[in-house]
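Each chain is listed here by its residues.
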Amino acid sequence: MIVGLIVGRRVRGSSDFFVARRQLGPGLIFSTMLAANIGAGSTVGATSVGYSGGIAAWWWVGSAAIGSIALAAWIGPAVRRIAAAHDLRTVGDYLEFRYNAAVRGTIAALLWIGSLFILAGQLVAIGAILETVAGLPWRAGCITGGLVITSYFAAGGLLTSARVNVIQLAIKLAGFALALPLAIGAIGGWDALVRVRAGDAAYWTFWRAGPPGLMYLALLVPPFIISPGLLQKAFGARDDRAVRLGVGLNALGLFAYAIVPALLGIVARARFPNLASANNALPAILVQLLPPPVGAVGLAAVFSAEISASDAVLFMLTTSLSQDLYKRFVNVAASDADVLRAARWISIAAAAAGAGLAIALGSVVEALTIFYSLLGVSLFVPIIAGLFVPRTKSGTAMGSIVAGVAGMLIVQAATAGRGWHMLTPALAGLIAAVGVWLIALVLSMMRGGAEQL
């Protein structure tokens, strides 16, 4: 909080807040990306999945790493060049530049809803940590987390969070590097670990379809390619090399880290088989299983993970509301100072709304699943096709958004979120979105051929 407030004093305009003056190098891109990606889902959430489902929980973080490779090599540099050339600051800016205001407004509305859910997921995890450690009611923990995030993010946006994320990432890496081997040793070593079955014959099946397992590819790969929170960090890069190197190193970091929460979940199942909630698996290890000094560092790592991921979501939500709603539709004549002031107030209001939703939901994985599904089915086609298929028009983009969200909601409602075998709500929505886009593309090509004839 102190570092954030000090750095925030350097913010002079909305460009500092939104894109950090477009001066982020590979190191800061790497740290701010990896810090954002190792959050509640990748710590408390993935450990709870490992606790319940075994080694296939690797796919929760591993899928994010796969998406990050595409972002580093393909999508990130392309969208950064367009953003720098046309002074675009948000994904909404890009969507209106490429399509029209209707597409921008529709995606912005969906993004606000989804972002609140993922912010709530991070705050639920913070509440679980503080409840386990200090006996603080988890609702009060959610509110406390929201206050911490808001205090430094509102001061400087991306300019602040990119630098605070360096500290947070160092704490995370140190904490988990210490915690994992000592946790495995505390239950009797690797031989004891592999004997854990938890009544599930597939507990050690890495390639299981799911849940958990390969099903996470459809849920998590698309969002980690086109997430506005990640793309807008790429907007702040100084050149394409910074994007490729920084995001690529982030992908390698995620691949290496992916096994950690899965194994910690299995450790927790071995030592604490009857936890009231799987969300408490990671805090229970750090508080009750490890030596106090190591547990303290581990808890600091987890808390840093939730805070850094929360500020990434708050960044996405705040910039969209202030630029895509306030500046574009509410106060078109707003000055740069007006936009900066609005962004700061919106960050406070968004954090408060996220805390309220966290208290209502109470589940990390449930909240994040809603967000990732909505993000993937609505944004994947408009961004990817917009960058690389010139024939994609505004109507086609809007049709893919509507089809994707409708397909997801139909399968969600019909199966209570379980899906049919491998056809999860997220995959159904993605297929529907791509299908509508392909049909429109073929019709466009046929019309073009007829006109030439």
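The structure reproduced in this document is the subject of the present report.

Rules behind the numbers
Residues numbered from 1 in each chain as written. Predicted model: local features only at pLDDT ≥ 70, side-chain atom pairs only at ≥ 80, totals over all residues. Heavy atoms only, no water. Helix = DSSP H or I, 4+ residues; strand = E, 2+ residues; numbered from the N terminus. Rg over C-alpha atoms; globule rule 2.2 N^0.38 Å. Buried < 20%, exposed > 50% of the residue type's maximum accessible area, 1.4 Å probe, protein only. Contact = heavy atoms within 4.5 Å. Areas by Shrake-Rupley, 256 points an atom, 1.4 Å probe, with all protein chains shown as cover. Core = buried A, V, L, I, M, F, W, Y, C linked by side-chain atoms within 4.5 Å. Expected span 1.5 Å × (residues − 1). Axes fitted to C-alpha atoms, helices over the stretch in contact; angles between N-to-C directions. Parallel < 35°, antiparallel > 145°, perpendicular 65-115°, else oblique. Nonpolar A, V, L, I, M, F, W, Y, C, P; charged D, E, K, R; others polar. Phe/Tyr/Trp six-rings, centres within 6.5 Å; stacked < 30°, edge-to-face > 60°. Salt bridge = Lys/Arg side-chain N within 4 Å of Asp/Glu carboxyl O. Polar contact = N/O pair within 3.5 Å; in protein donor to acceptor, adjacent residues only side chain to side chain.

## Quick look at the overall build of the protein chain
Thinking step 1. Assigned secondary structure in the protein chain consists of 19 helices and 0 strands.
Thinking step 2. Taken over C-alpha atoms, the radius of gyration comes to 21 Å for the protein chain, in line with the 22 Å a tight globule of 453 residues would show.
Thinking step 3. With the C-alpha coordinates aligned to their principal axes, the bounding extent of the protein chain is approximately 75 × 50 × 40 Å.
Thinking step 4. Counting every position in the protein chain, which comprises 453 residues, the buried fraction comes to 59%.
Thinking step 5. Contacts in the protein chain between residues far apart in sequence, at least 24 positions, make up 84% of those at least 6 positions apart.
Thinking step 6. On the protein chain, roughly 16600 Å² of surface is accessible, and the fraction owed to carbon and sulfur atoms is 68%.

## Looking at the nonpolar core
Thinking step 1. Membership of the largest hydrophobic core comes to 144 residues, with the highest contact counts inside it found for Leu95, Ile285 and Ile383.
Thinking step 2. Setting aside residues no more than four positions away along its own chain, Leu95 makes contact with Asn100, Val103, Arg104, Ile107, Leu379, Pro382 and Ile383.
Thinking step 3. Among the nonpolar cores identified, the runner-up in size contains 5 residues, and Val381, Ala385, Ala433 and Leu441 belong to it.

## Overview of helix H18 (residues 394-415)
Thinking step 1. Taking 1.5 Å per residue as the helical rise, H18 with its 22 residues ought to reach 32 Å, and the 32 Å between its terminal C-alpha atoms agrees with that figure.
Thinking step 2. In the segment just after H18, Ala416 is the residue with positive phi, at about 55 degrees.

## Observations regarding helix H13 (residues 259-271)
Thinking step 1. Its 13 residues give H13 an end-to-end C-alpha distance of 19 Å, which sits within 8% of 18 Å, the value for a rise of 1.5 Å per residue.
Thinking step 2. Val260, Pro261, Ala262, Leu263, Leu264, Gly265, Ile266, Val267 and Ala268 are the residues of H13 that are buried.
Thinking step 3. On its buried side, H13 packs onto helix H4 (41-53), helix H5 (58-86), helix H8 (138-186), helix H9 (190-194), helix H12 (240-257) and helix H14 (281-289).

## Considering the packing of helix H3 (residues 26-37) against helix H11 (residues 228-235)
Thinking step 1. Contact geometry for H3 and H11: axes closest at 10 Å, N-to-C directions at 170 degrees. Judged on the interaxial angle alone, H11 and H3 are roughly antiparallel. Contacts between H3 and H11 involve Ile29, Thr32, Met33, Ala36 and Asn37 from the first element and Leu230, Lys233 and Ala234 from the second.
Thinking step 2. Across the contact of H3 with H11, the residue classes break down as 5 nonpolar, 2 polar and 1 charged.

## Details of the environment of Asn331
Thinking step 1. Relative to the helices and strands, Asn331 is located in the loop between helix H15 (292-330) and helix H16 (336-361).
Thinking step 2. In this structure the C-alpha to C-alpha distance between Asn331 and Leu214, which are 117 residues apart in sequence, comes to 46 Å.

## What to know about the packing of aromatic side chains
Thinking step 1. With the rule as written, the count across this model stands at 13 aromatic pairs.
Thinking step 2. Where Trp59 meets Phe206, the ring centres are 5.2 Å apart and the plane angle is 40 degrees; that geometry is what we call tilted. Taken as a pair, Trp59 in helix H5 and Phe206 in the loop between H9 and helix H10 (215-226) lie far apart in primary sequence, 147 residues in all.
Thinking step 3. With a relative accessible area of 5%, Trp59 lands in the buried category.
Thinking step 4. Residue class for Phe206 comes out partly exposed when judged on its relative accessible area of 25%.
Thinking step 5. Measuring from centroid to centroid gives 5.1 Å for Phe206 and Trp207, while their planes differ by 90 degrees, and the two rings are edge-to-face.

## Observations regarding the pattern of salt bridges
Opposite charge on two side chains makes pairing possible when the charged atoms of those side chains draw close.
Thinking step 1. Tallying each qualifying case throughout the model produces 12 salt bridges.
Thinking step 2. In this structure, Asp324 and Arg104 form a salt bridge, with 2.6 Å as the shortest nitrogen-oxygen distance. Remark: Arg104 occurs in helix H7 (residues 101-134) and Asp324 occurs in helix H15; sequence separation between them is 220 residues.
Thinking step 3. Look at Arg104 and you get buried, because its relative accessible area is 5%.
Thinking step 4. The partner of Arg341 in a salt bridge is Asp338, and the shortest N-O contact between them spans 3.0 Å. In this pair, Arg341 and Asp338 are both assigned in helix H16, 3 residues apart and thus about one turn of the helix distant.
Thinking step 5. Given the relative accessible area of 45%, Arg341 is considered partly exposed.
Thinking step 6. Here the salt bridges share partners, and the residues they tie into one network are Asp93, Glu96, Arg104, Asp324 and Arg328.

## Comments concerning unusual backbone geometry
Thinking step 1. Not every positive phi belongs to a glycine, and Arg22 is a case in point at roughly 55 degrees.
Thinking step 2. Inspection of the secondary structure assignment puts Arg22 in the loop between helix H2 (14-19) and H3.
Thinking step 3. Overall, Arg22 belongs to the buried group, its relative accessible area being 14%.
Thinking step 4. A positive phi angle is found at Asp87, which is not glycine, with a value near 55 degrees.
Thinking step 5. For Asp87, the location among the structural elements is in the loop between H5 and helix H6 (91-98).
Thinking step 6. Accessibility expressed as a relative area gives 46% for Asp87, which makes it partly exposed.

## Thoughts on the side chain of Ser378
Thinking step 1. With respect to the helices, strands and loops of the structure, Ser378 is situated in helix H17 (residues 364-388).
Thinking step 2. Look at Ser378 and you get buried, because its relative accessible area is 4%.
Thinking step 3. A distance of 2.7 Å separates a polar side-chain atom of Ser378 from the backbone oxygen of Leu374.
Thinking step 4. One polar contact links the side chain of Ser378 to the main-chain carbonyl oxygen of Leu375, over a distance of 3.5 Å.
Thinking step 5. Leave out the neighbours within four places in its chain, and Ser378 touches Ile107, Leu110, Ile401 and Val405.

## Side note on the environment of Leu110
Thinking step 1. The residue Leu110 is located in helix H7 in this model.
Thinking step 2. Here Leu110 falls in the buried class, since its relative accessible area comes to 17%.
Thinking step 3. As for Leu110 and Ile126, which are separated by 16 residues in sequence, their C-alpha atoms are 25 Å apart.
Thinking step 4. Apart from the residues within four sequence positions on either side, Leu110 is in contact with Leu374, Ser378, Ile401 and Val405.

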